[in-house]
Amino acid sequence: MPDHSSHEEIVRRALAEDLGPGDLTTDAIVPPDRTASAEMIAKEDFVLAGMDVVREVFRQVDPALHLESHFPDGSRIVRGSSLAMIDGAAASILKGERVSLNFLQHLSGVATITAAFVEKVRGLSVSILETRKTLPGLRALEKYAVRMGGGTNHRMGLYDAVLIKDNHIAVGGGIVAAVGKVRKGRPDIHPIEVEVTDLKEVREALEAAADILLLDNMDPDTLRAAVEMVRGRALTEASGNITLANVRAVAETGVDRISVGALTHSVKAVDISLKISF
């Protein structure tokens, strides 16, 4: 999991958004001394991610609640499986239900789609990465979920790696000039990645001695030609309109890694229910 303090704050904000000063419905109906058990149940097959966040949700709602999880994150879950049991005050379980499920369903969705992409390129020497196209405030958790699905993390943000994209190149006076400015201003930073869109720009990035070439929206034939041109002098990363239908063909061009925005920006939540009993 990400640093505990980071997801602790994320959970705190989520509960403040949902619970606010109190649960009008639960507080009116459920006696505070009423105890219950609740079971989280998988309604479809998926890859699990986010159980520690669920635990933190219920801890913040009521530290006296007891949660027993039945699978570690990264597990392949079969429909009908019992994921966890929560015991304690019924009102507390109800207050944490929606937020806990929101996190678990979304993060497991990220892990599940990542696992599907990883499976498509099985046997090939290529890594599947996410991008910065994440939900605001959830990037660390979503990147964790990508790892649980077998993917590899790209940079966390603008602050921890250099990626010179098309607009940087336009403002910076071209690929060679932009790379030169980074090297002059921050000689300590490695690697330097450069986005390229055609073979002419591949040559320019190689001339600038870029460490990684982001091959953006290239068809398989152009990707193959770019990889041949690079000849191991830099890492190659394919990106742009990558789908489950074409990722294998992209990987077979010989690129080192493939970044997929769809791992996070439009992921489908998995189906999980919470059933309470007395």
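Quick note: structure is the one above.
Report follows, based on the coordinates. (Residues numbered from 1 in each chain as written. Predicted model: local features only at pLDDT ≥ 70, side-chain atom pairs only at ≥ 80, totals over all residues. Heavy atoms only, no water.)

1. So, the pairing of strand E10 (residues 235–239)
(1) Moving on: Judged by how many residues are buried, E10 sits mostly within the fold: 4 of 5 residues are covered.
(2) Moving on: Direction of pairing for strand E9 (residues 212–216) relative to E10: parallel, over a ladder of 5 bridges. Paired with Asp216 across the bridge in E10 is Ser239.
(3) Moving on: Each parallel crossover has a hand, and for E9 linked through helix H9 (residues 220–230) to E10 it is right-handed.
(4) Moving on: One ladder, built from 3 bridges, connects E10 with strand E11 (residues 257–259); its direction is parallel. Bridge pairing in E11 places Ala238 opposite Ile258. (Buried < 20%, exposed > 50% of the residue type's maximum accessible area, 1.4 Å probe, protein only. Helix = DSSP H or I, 4+ residues; strand = E, 2+ residues; numbered from the N terminus. Pairing = 2+ DSSP bridges. Right-handed = clockwise from strand over helix to strand, strands pointing away.)

2. Topic: the packing of aromatic side chains
(1) Moving on: The final tally for this structure, using the stated rule, is 0 aromatic pairs.
(2) Moving on: Lying across the ring of Phe278, Arg34 places its NZ or CZ 4.2 Å from the centre. (Phe/Tyr/Trp six-rings, centres within 6.5 Å; stacked < 30°, edge-to-face > 60°. Lys NZ or Arg CZ within 6 Å of the ring centre and 35° of its normal.)

3. Description of the pattern of salt bridges
(1) Moving on: In the structure shown here, the tally under the stated rule is 17 salt bridges.
(2) Moving on: Close ionic contact of Glu9 with Arg13 constitutes a salt bridge, the shortest N to O distance being 3.8 Å. Here Glu9 pairs with Arg13, and both are found in helix H1 (residues 4–18), just 4 residues apart, close to one helical turn.
(3) Moving on: Taking the shortest distance from any N to any O, the salt bridge between Glu119 and Arg122 comes out at 2.7 Å.
(4) Moving on: Three or more residues are tied together by salt bridges with common partners; here these are Glu8, Glu9, Arg12, Arg13, Glu56 and Arg59. (Salt bridge = Lys/Arg side-chain N within 4 Å of Asp/Glu carboxyl O.)

4. Comments concerning helix H4 (residues 90–120)
(1) Moving on: End to end, H4 covers 43 Å across 31 residues, agreeing with the expected 45 Å (1.5 Å per residue, within 8%).
(2) Moving on: For H4, the principal kink sits at Glu97 and spans about 40°. (Expected span 1.5 Å × (residues − 1). Bend = angle between axes of the 7 residues up to and from the residue.)

5. Some points on the sheet that holds strand E12 (residues 272–277)
Strand pairing in a sheet relies on backbone hydrogen bonds, with the paired strands running either antiparallel or parallel.
(1) Moving on: Taken in spatial order, the 4 strands of this open sheet run E3-E5-E1-E12, and their pairing is antiparallel. Each edge of the sheet is formed by a strand with only one pairing partner; in this case those strands are strand E3 (66–69) and E12. For this sheet, the mean inter-axis angle between neighbouring strands, taken without regard to orientation, is 15°.
(2) Moving on: Bridge count between strand E1 (residues 35–42) and E12: 6 bridges; the pairing is antiparallel. If you follow Ser37 over to E12, its bridge partner there is Ser277.
(3) Moving on: On the sheet, helix H3 (residues 51–61) packs against E1, E3, strand E5 (82–89) and E12 and is oriented at approximately 170° with respect to E3.
(4) Moving on: Along the sheet, H4 contacts E1, E5 and E12; its crossing angle with E12, the most-contacted strand, is approximately 170°. (Axes fitted to C-alpha atoms, helices over the stretch in contact; angles between N-to-C directions. Contact = heavy atoms within 4.5 Å.)

On their own, these measurements won't tell you what the molecule is for.
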